[in-house]
Every structure is written in structure tokens, then in C-alpha cells.
Amino acid sequence: MFQNSDMMAVGKPSADELALLEPFRGKVPDEAFGEPFVPPVSDGSGQDRALLRQANTLLQQAGFVIKDGKRVTPQGEPISVEFLLDEPSVQPHHMTFIKNLGTLGIEASLRIVDPVQYRKRIDDFDFDLTVQRFSFSSTPGDSLRSYFSSRAAAMRGSENLAGISDPVIDTLIDKITAADNRASLTTACRVLDRVIRSGRYWIPHWYKASHWLAYWDVFGRPATKPRYARGIPETWWYDQERAVKIDQ
């Protein structure tokens, strides 16, 4: 949740992180005390058989077996899931996902609704799966409550779409907002990152590490780019030499 920052949990917890985590032992998954969860990486084929076999094994172990070609719950009910979108541009990103769910015996579908209906369903938490992009401040604080707190989970129209309601997470958000120095803030954020990642609240959907830009090549730019912004137009300037080359 704090990708590309020093607040992202990496490796085993530091001594300071363990000190903050220890009171929650038994209340959070043991995984939070070790290496943080990192989603598996596929072979890029769109149908990674090794990961499909692993998924099938995990489902079988949890009691979700195949019956008459369909994946069913331990109570014998077929599993189905619907992806909710409000516009078609990200539809292609879902199709391989839906195809692989079908291979596992899970009936998956995609529904595109108009923006007004979409907003109402999101506000009412009336969906199985949806896609959202969240961005957090480089100095997180009270705004985290609207995304991860128990109070937000019960609040219509909140950003807590996963319905996260965990007293441990509530306490960690309190620690973050009360931090009086950068080191304490960073430690608390790393611990929150570990706990949330251990909860498997969302599925990484797609990721691109760069922005594609088309521009008229008459601008100079700093050698070192801003870390969290494109720097346009704040750090770009008109370059006369480049402009002359364009004219030539």
C-alpha cells in the first residue's frame, strides 16, 4: 500500500517494528511477523499452469471442490463472482482473469453500468469485485481512516471498499496520526503495511511503472526527475538550442 516509498515493508520486521507489533501477536496473522506478503508473479502467458495448479490446491484444501464441473463451497453451493465497472477501457484487463477463474470452475462475469448506477452501487457496497486506484500522501495521517478504519467500513460512500474492520488496524492508524517524528511515522506505516498485506484485502490488477508522454522537443528537463510527479510544467523550461534543431 506504500509502494515506492520508505514506508513500504521489506524483509523481516526491524526491532522497532517488532516492538510495535508484539502487543498484537495472536490478533494478526503470524505472517505479519515475518517476510511481508508479495503476490505471485506469473509467466506472462495469460494462463500460467503452475499458478493455476497452486490455486486449485489451495481451493481444494479449503474445502472448495469441483462438482459436476463447477467449483462449490463446503456447503455445496456453486461459486460465482461479478466484476463491476462503469466504463469499458479496463475491460480487456479482466478477460484473462475471468478466463482463469473459469478454468478453476468459478463462474465469473463482467458488468458495465452507467456512472450514476455505478456510484450508487459503490456507495452501497453492492458489488463482488470492482477496480479502484488509491493514492496516499508521502506523509500519511488521518486520511487513512476513510480507507481502512472500522468506522469507515460501516459508512455508506466511504473509501473502505474492502470492508476492513479490524481493531488492530484502527490502533495502528492512531499510532500513525500521533507520530511526532518521521522515524516513528515510518515504523508505524511499515507495520500497518504488513498487517494489511497479510489480510489479502485486494488483488493487484495491473501495473505500469512509467507514464507515456508525447511532447514537442523544445524543452529542457532536470537530470534528476521528481520522485512522485512528472514535473510538468513546474520543472521544465524552454530550450533555445533544441528549438533551433527543430527548425533545422
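The structure presented is a predicted model; accordingly, all values stated were derived computationally and were not measured.

Chemist: For this particular structure, what's the right way to read a nonpolar patch on the surface?
Modeler: A grouping of Leu213, Tyr215 and Ile232 is seen on the molecular surface, where their side chains present a nonpolar patch of about 270 Å² in accessible area. Position of Tyr215 relative to the elements: it lies in the loop between helix H8 (182–198) and strand E6 (219–220).

Chemist: Just to check I follow, could you spell out the packing of aromatic side chains for this structure?
Modeler: Any two aromatic rings considered together are summarised by their centre-to-centre distance and by the angle between their planes. According to the stated counting rule, one finds 9 aromatic pairs in the structure shown. Seen in terms of ring centroids, Phe136 and Phe148 are 5.7 Å apart; in terms of plane orientation they differ by 45°. Their pairing is tilted. In this pair, Phe136 sits in the loop between strand E5 (129–130) and helix H5 (145–148) while Phe148 sits in helix H5, placing the two residues 12 residues apart along the sequence. For Phe148, a relative accessible area of 2% gives the class buried. Between Phe219 and Trp236 the ring centres are 5.9 Å apart and the planes differ by 50°, which places this aromatic pair in the tilted class. Placement of the pair is Phe219 in strand E6 and Trp236 in the loop between E6 and strand E7 (237–238), with a sequence separation of 17 residues. For Phe219, a relative accessible area of 27% gives the class partly exposed. Taken together through their ring pairs, the aromatic side chains of Phe2, Phe134, Phe136, Tyr147, Phe148 and Trp202 make up a single cluster.

Chemist: What's the story with the environment of Glu87 in this structure? I'm lost.
Modeler: Mapped onto the secondary structure, Glu87 falls in the loop between strand E3 (80–85) and helix H3 (91–103). Given the relative accessible area of 33%, Glu87 is considered partly exposed. Separated by 71 residues in sequence, Glu87 and Ser158 have C-alpha atoms that sit 21 Å apart.

Chemist: How should I be thinking about the side chain of Ser5 in this particular structure?
Modeler: Along the chain, Ser5 turns up in the segment before helix H1 (15–21). There is a polar contact of 3.1 Å between the side chain of Ser5 and the backbone nitrogen of Met7. Dropping the residues within four chain positions of it, Ser5 is found in contact with Arg227 and Tyr228.

Chemist: Which parts of the structure should I look at to understand the nonpolar core?
Modeler: Considering soluble globular proteins, one finds that nonpolar side chains tend to be buried as a cluster. Ranked by internal contacts, the top residues of the largest apolar core, which has 25 residues, are Val28, Phe148, Ile169, Leu172, Ile176, Leu192 and Val195. Those elements that provide at least two residues to this core are H1, H5, helix H7 (167–178) and H8. If one sorts the elements of this core by residue count, H8 sits on top with 7 residues. In contact with Phe148, other than residues within four places in its own chain, are Met1, Phe136, Asn160, Ile164, Ile169, Asp170, Ile173, Ile196 and Trp202. Counting 10 residues, the second largest nonpolar core, distinct from the first, contains Val81, Ile98, Leu101 and Leu104.

Chemist: Where do I start with the pattern of salt bridges in this structure?
Modeler: A side chain of one charge can pair with a side chain of the opposite charge when the charged atoms of the two come close. A full pass over the atoms with the stated rule returns 14 salt bridges. Between Arg242 and Asp239 there is a salt bridge, with its nearest N and O atoms 3.8 Å apart. Among the ionic contacts, a cluster of salt bridges with common partners joins Glu82, Arg111, Arg121 and Asp126.

Conventions used here
Residues numbered from 1 in each chain as written. Predicted model: local features only at pLDDT ≥ 70, side-chain atom pairs only at ≥ 80, totals over all residues. Heavy atoms only, no water. Patch = residues over 30% accessible without salt bridge, like charges linked within 9 Å, V, L, I, M, F, W, Y side chains within 5 Å. Areas by Shrake-Rupley, 256 points an atom, 1.4 Å probe, with all protein chains shown as cover. Salt bridge = Lys/Arg side-chain N within 4 Å of Asp/Glu carboxyl O. Helix = DSSP H or I, 4+ residues; strand = E, 2+ residues; numbered from the N terminus. Phe/Tyr/Trp six-rings, centres within 6.5 Å; stacked < 30°, edge-to-face > 60°. Buried < 20%, exposed > 50% of the residue type's maximum accessible area, 1.4 Å probe, protein only. Polar contact = N/O pair within 3.5 Å; in protein donor to acceptor, adjacent residues only side chain to side chain. Contact = heavy atoms within 4.5 Å. Core = buried A, V, L, I, M, F, W, Y, C linked by side-chain atoms within 4.5 Å.

Geometry only, nothing functional implied.
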